[in-house]
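Breakdown of the fold
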Number of protein chains: 2
Amino acid sequence: MQNRKKIAIVGVGLIGGSLALQLHEKKLSSKLIGVEVSANNARDALDEELVDEIKPFDDAIKEAEVIILTTPVNTLSKLVPEVLDKIDNQIVIDLGSTKYDIIKSINGHPKRGRYVATHPMWGTEFSGPKAAVRGAFEGKAVILCNKEESDSDALGWVEKMYNKIGMRITYMDAKAHDLHVAYVSHISHITSFALANTVLEKERVESAIFEIASAGFESTVRLAKSNSSMWVPIFLQNKENILDVLKEHIAQLSKFKECIENEDAHHLKALIIDANKIKRILK
Amino acid sequence: MQNRKKIAIVGVGLIGGSLALQLHEKKLSSKLIGVEVSANNARDALDEELVDEIKPFDDAIKEAEVIILTTPVNTLSKLVPEVLDKIDNQIVIDLGSTKYDIIKSINGHPKRGRYVATHPMWGTEFSGPKAAVRGAFEGKAVILCNKEESDSDALGWVEKMYNKIGMRITYMDAKAHDLHVAYVSHISHITSFALANTVLEKERVESAIFEIASAGFESTVRLAKSNSSMWVPIFLQNKENILDVLKEHIAQLSKFKECIENEDAHHLKALIIDANKIKRILK
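A quick note: this is a predicted structure, and the numbers were derived from the prediction, not measured.

Cut-offs used in this document
- Residues numbered from 1 in each chain as written.
- Chains lettered and ligands numbered in written order.
- Predicted model: local features only at pLDDT ≥ 70, side-chain atom pairs only at ≥ 80, totals over all residues.
- Helix = DSSP H or I, 4+ residues; strand = E, 2+ residues; numbered from the N terminus.
- Buried ≥ 20, exposed ≤ 12 C-beta atoms within 10 Å, placed from the backbone.
- Contact = placed C-beta atoms within 7 Å.
- Pairing = 2+ DSSP bridges.
- Axes fitted to C-alpha atoms, helices over the stretch in contact; angles between N-to-C directions.
- Core = buried A, V, L, I, M, F, W, Y, C linked by C-beta atoms within 7 Å.
- Parallel < 35°, antiparallel > 145°, perpendicular 65-115°, else oblique.
- Left-handed = near helix turned anticlockwise from the far one by under 90°.
- Nonpolar A, V, L, I, M, F, W, Y, C, P; charged D, E, K, R; others polar.
- Least-squares fit on C-alpha atoms with pLDDT ≥ 70 in both.
- Expected span 1.5 Å × (residues − 1).
- Arc of directions from axis to C-beta.
- Domains from an automatic or database assignment.
- Bend = angle between axes of the 7 residues up to and from the residue.

Counting its regular elements, chain A contains twelve helices and eight strands. Along the three orthogonal principal directions, the C-alpha set of chain A runs to about 65 × 40 × 30 Å. Going through the 283 residues of chain A one by one, you find that 54% of them count as buried. For chain A, the share of sequence-separated contacts (at least 6 apart) that also reach a separation of at least 24 residues comes to 73%.

Here it is in structure tokens:
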């Protein structure tokens, strides 16, 4: 990949900002143009030197050769068709955590081929331009969905971009993607939010939590710091899959509850040994 | 603290072994005697040089000036009275994750004063002597329970021990201890075990999980690798408190479920903003 491209990033927060740092670092961009609806975020993105300039939406799209959308997923399913209406031959990418609804929104669009659906499996519990991280995404997985619907030059550039950043590319159908991420990402956020609410609800003497909370607790509750603007749209857009996993999770918790109520050490041990099998998957 | 002591550690696994490393490192021990029911653990504890020698239970208790019990909590409520029956004037400490039942088991015992009930808030999801960690416990909290029931010399030595290791001491009544740890430690393990079972149950194509699982998932499910021999007794011994928290947790998850079912973005946002308050407690 010799020629760098002019790249517009729509939504310069944690994800867009971290990607901007990588695009510059890996010499993928000749210019980075930010688009931001929030004046604070726009100022922070410039202060942190994540982008070279902030421009209005239409101007950025006109100037850029690649347009990267990193807004919350509810915005994306309106924004992707809108951007495709406006482009000529540019490449359009989104990084949203759900894919089925977004792809459906541009089914049959004359510019469908210019768009590549991606989901890099990286994030933190923080948000905004100041949360952007240098070296983000490296060594993680990225999922590309419905690649046969993208033009080969657009797909090729996006594959090269993620390769240069150091991500492992996996290909999936959008429907399979939304199902898989419900299991390995979305449910973790719900359990973490619910655990935070459980503890905050039950434990009135907060200083006691603060004093004795261990690393294990911090680990399971860390994601509860995550931003509602990002996660409410994800939960609603991936409703059916998430409800499926959530019902199963409540059923699994109920098994623990029953074993403890009945003081059934034998069955409790079996449940834990089953759970230990996660070792095969996570080292 | 000038004079080092001969210390027996009953149960040289993750906790006992990590403590042994610290007792030597901080010059608290003149000799470390291990007691192990498992021949494999005994051999590993010697191979890893966690203790100087392995001795039978009675010999170790006779020789040691301080006896530290780090077995699972169901064993502790039998072992603590048994050790108090056998000692002369030694100091006896346990490191179990529950306290009420253990302390109750020696209520009124003539040697009650020689015993100090402690719970250092540190551990990992691994177990056995080979999992022992150098520098463990440092910077973490340790809870000392019902300190007024311990002789002042015994309490004083234990306080000095934990101070030297670099732990922050908190004092609690045993009943309050068991309630607090149900919130900030025990429930995290149950949610993690149940989450692992949810994902393993639902996701048949394991390679897909392995490929795309993100750091967030690893964080919430890490504790699911924890050992059943340690955790079954904890869940049963702290039954009432854990059931209390677990019921509340299932109720909190059900709130998320209802909001998603009803596509109630407003209430879902409120739940997440509530959960975000955990930021005040965990930085």
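Now that the structure has been shown, the text picks up again.
On to the sheet that holds strand 1 (residues 5-10) of chain B, then. All names here are of chain B. Strand order across the open sheet formed by eight strands is 3-2-1-4-5-6-7-8, with mixed pairing between neighbours. The open sheet has two edge strands, strand 3 (53-54) and strand 8 (168-172), and neither has a second partner. Bridge count between strand 7 (residues 141-145) and strand 8: five bridges; the pairing is parallel. Residue Leu 144 lies in a different strand from strand 8, and its bridge partner there is Tyr 171. In this fold helix 1 (residues 14-25) packs onto strand 1, strand 2 (29-35) and strand 4 (66-69), with an angle of close to 165° to the strand it touches most, strand 2.

One non-glycine residue, A:Lys27, adopts positive backbone phi at about 55°. Along the polypeptide, A:Lys27 turns up in the loop between helix 1 (14-25) and strand 2 (29-35). Non-glycine residue B:Phe137 carries a positive phi angle of around 75°. For B:Phe137, the location among the structural elements is in the loop between strand 6 (115-120) and strand 7.

Residue and element names in this part refer to chain A. If you walk across this open sheet you meet the eight strands as 3-2-1-4-5-6-7-8, and the pairing is mixed. Unpaired on one side and paired on the other, strand 3 (53-54) and strand 8 (168-172) mark the two borders of the sheet. In this sheet, strand 4 (residues 66-69) lies alongside strand 1 (residues 5-10) in parallel orientation, the contact comprising four bridges. Paired with Ile 9 across the two strands is Ile 68, which belongs to strand 4.

This part covers the nonpolar core. A general trend in soluble globular proteins is that nonpolar side chains are found buried together. Among the nonpolar cores identified, the biggest contains 192 residues, and A:Ala8, A:Ile9, B:Ala8 and B:Ile9 are the most heavily contacted of them. Sequence-distant contacts of B:Ala8, defined by excluding residues within four places in its chain, comprise B:Ile33, B:Val35, B:Ala60, B:Ile61, B:Ala64, B:Ile67 and B:Ile68.

Attention shifts here to the packing of helix 10 (residues 228-237) of chain A against helix 12 (residues 265-276) of chain B. Running from N to C, helix 10 of chain A and helix 12 of chain B point in directions that differ by 135°, and their axes come no closer than 10 Å. Viewed along their axes, helix 10 of chain A and helix 12 of chain B adopt a mutual orientation that is oblique. Considering how the two elements wind past one another, helix 10 of chain A and helix 12 of chain B form a crossing that is right-handed. Listed contacts from helix 12 of chain B to A:Ser228, A:Trp231, A:Val232, A:Phe235 and A:Leu236 of helix 10 of chain A are B:Ala265, B:Leu268, B:Lys269, B:Ile272 and B:Ile273. Residue composition of the contact of helix 10 of chain A with helix 12 of chain B, by class: eight nonpolar, one polar and one charged.

Geometry of a packed helix pair, given as the angle between the helix axes and the separation of the axes. All names here are of chain B. At their nearest, the axes of helix 7 (residues 174-202) and helix 11 (residues 239-261) sit 9 Å apart, and the two run at 55° to each other. Here helix 7 is positioned oblique relative to helix 11, judged by the angle of their axes. The crossing of helix 7 and helix 11 is right-handed. Contacts from Asp 178, Leu 179, Ala 182, Tyr 183, His 186, Ile 187, Ile 190 and Thr 191 of helix 7 reach helix 11 at Asn 241, Ile 242, Val 245, Leu 246 and His 249.

Of the transformation placing chain A onto chain B, the axial shift is 0.0 Å and the rotation is 180°, giving an RMSD of 0.0 Å. The operation mapping one copy onto its partner corresponds to a two-fold rotation axis. Identified as the residue of chain A closest to the rotation axis by C-alpha distance is A:Thr220, at 2.1 Å. Interface overlap between copies: 100% of the residues of chain A at the interface are likewise at the interface in chain B, consistent with a symmetric, same-surface contact.

Moving on, we get to helix 6 (residues 152-165) of chain A. Residues spaced three or four apart along an α-helix point in a common direction, a consequence of the helix completing one turn every 3.6 residues. Residues and elements named next belong to chain A. Compared with an ideal rise of 1.5 Å per residue, which puts 14 residues at 20 Å, helix 6 spans 20 Å between its outermost C-alpha atoms and is within 8% of the ideal. Regarding helix 6, the residues found buried are Ala 154, Val 158, Met 161, Tyr 162 and Ile 165. In a view along the axis of helix 6, the buried residues occupy a sector of 90°, so they form one face of it. Opposite its buried face, helix 6 presents the exposed residues Ser 152 and Asp 153, each directed more than 90 degrees away. Check the buried side of helix 6 and you find it contacts helix 1, strand 5 (91-94), strand 6 (115-120), strand 7 (141-145) and strand 8.

Residue and element names in this part refer to chain A. Annotation of chain A at the domain level lists domain 1 (5-173) and domain 2 (177-280). For domain 1 and domain 2, the distance between their C-alpha centres works out to 30 Å. Facing the 15 residues of domain 1 at the interface are 15 residues of domain 2. Contributing elements (two or more residues each) for the side of domain 1 that touches domain 2: helix 4 (73-86), helix 5 (100-104) and strand 7. Here the side of domain 1 that touches domain 2 is composed, by residue class, of six nonpolar, five polar and four charged.

All names here are of chain B. With respect to the helices, strands and loops of the structure, Met 161 is situated in helix 6 (residues 152-165). Judged by the 26 C-beta atoms lying within 10 Å of it, Met 161 falls in the buried class. Between the C-alpha atom of Met 161 and that of Ala 208, which follows or precedes it by 47 residues, the distance is 48 Å.

Residues and elements named next belong to chain A. Across its 14 residues, helix 4 extends 20 Å between first and last C-alpha, which sits within 8% of the 20 Å expected from 1.5 Å per residue. The largest bend in helix 4 amounts to roughly 30° and is located at Leu 79, with the proline Pro 81 lying one to four residues further along. All of the buried residues in helix 4 are Val 73, Asn 74, Leu 76, Ser 77, Leu 79, Val 80, Val 83 and Leu 84. Along its buried surface, helix 4 packs onto helix 3 (57-63), strand 4, strand 5, helix 5, strand 6 and helix 10.

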